[in-house]
Amino acid sequence: MNIGNNVQIANHVKIQNNVSIYEGVELEDYVFCGPSMVFTNVKIPRSEFPQKGKKYYVKTLVKKSASIGANATILCGVTIGRYAFIGSGAMVTKDVPAHALIIGNPGKVKGWVDKKGEQLSFDDANISNCGKYRIENDILVLNNSK
């Protein structure tokens, strides 16, 4: 495990073996970091022209209860939303909405998960099988009609 200087790790965060968390990363409460996943902190790394110090590091935020699978890579500068689920081996290159299920390289939204990480299914009106959520403008929101 490698945890850089000035990393912010909140309460009840689970960091598995072989994880690298570099300066500029903030993990909110209950984040899960799977084995061998990695964060980056510099947009254009060059060995010949080292970029060291806070002014070069780009902030990455992982919000409450997000899970990041084994061997996933999170590029710097993104925000991963609350309860999002990043699949094993995914490459996250842009912001992730809350409750999104991200798979692939580059990572894409392949579905939605509830607070416990269970994948949701939806009816023709975009209401989740549990009735608690709906999809509105490609974002998962609480279903106020429930």
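Procedures and definitions
Residues numbered from 1 in each chain as written. Predicted model: local features only at pLDDT ≥ 70, side-chain atom pairs only at ≥ 80, totals over all residues. Heavy atoms only, no water. Helix = DSSP H or I, 4+ residues; strand = E, 2+ residues; numbered from the N terminus. Buried < 20%, exposed > 50% of the residue type's maximum accessible area, 1.4 Å probe, protein only. Contact = heavy atoms within 4.5 Å. Pairing = 2+ DSSP bridges. Core = buried A, V, L, I, M, F, W, Y, C linked by side-chain atoms within 4.5 Å. Salt bridge = Lys/Arg side-chain N within 4 Å of Asp/Glu carboxyl O.

S.K.: Quick one: what's the story with the environment of Lys64, residue by residue and with numbers?
M.R.: In this structure, Lys64 sits in the loop between strand 8 (60-62) and strand 9 (67-68). Take Lys64: its relative accessible area is 26%, and that puts it in the partly exposed class. Along the backbone, Lys64 and Ala98 are 34 residues apart, and their C-alpha atoms lie at a distance of 9.5 Å. Excluding residues that lie within four positions of it along the chain, Lys64 makes contacts with Glu28, Asp29, Tyr30, Arg82 and Tyr83.

S.K.: Describe the pairing of strand 15 (residues 108-112), and please don't skip the residues or the numbers.
M.R.: The sheet contact formed by strand 14 (residues 100-103) and strand 15 spans 4 bridges and is antiparallel. Opposite Ile102, over in strand 15, you have Val109 as the bridge partner.

S.K.: How would you sum up unusual backbone geometry? Please name residues and give values.
M.R.: The omega angle of the peptide bond from Asn105 to Pro106 is 0°, so this bond is cis rather than trans. On the secondary structure map, Pro106 appears in the loop between strand 14 and strand 15. For Tyr30, which is not glycine, the phi dihedral falls at a positive 65°. Looking at the element boundaries, Tyr30 is found in the loop between strand 5 (25-27) and strand 6 (32-33). The backbone of Asp138 shows a phi angle near 65°, a positive value even though the residue is not glycine. Within the fold, Asp138 resides in the loop between strand 16 (133-136) and strand 17 (139-142). Residue Asp138 is classed as exposed on the basis of its relative accessible area of 64%.

S.K.: Residue-level account of the nonpolar core, with values.
M.R.: With 29 residues, the main nonpolar core has Leu27, Phe39, Ile68, Ile74, Ile80 and Ile86 as its most contacted residues. Those elements that provide at least two residues to this core are strand 5 and strand 14. For Ile86, the contacting residues outside a window of four places in its chain are Ser67, Ile68, Gly69, Ala72, Ile74, Ile80, Val92, Val96 and Ile102.

S.K.: Mind laying out the pattern of salt bridges, listing which residues take part and the relevant values?
M.R.: Following the criterion strictly, the structure yields 2 salt bridges and no others. Put simply, Lys59 and Glu26 hold a salt bridge, and the shortest N to O gap is 2.7 Å. With Lys59 in the loop between strand 7 (38-39) and strand 8 and Glu26 in strand 5, the pair connects residues that are 33 residues apart, well separated along the chain. One salt bridge in this structure joins Glu136 and Arg134, with 2.7 Å as the shortest N-O distance.

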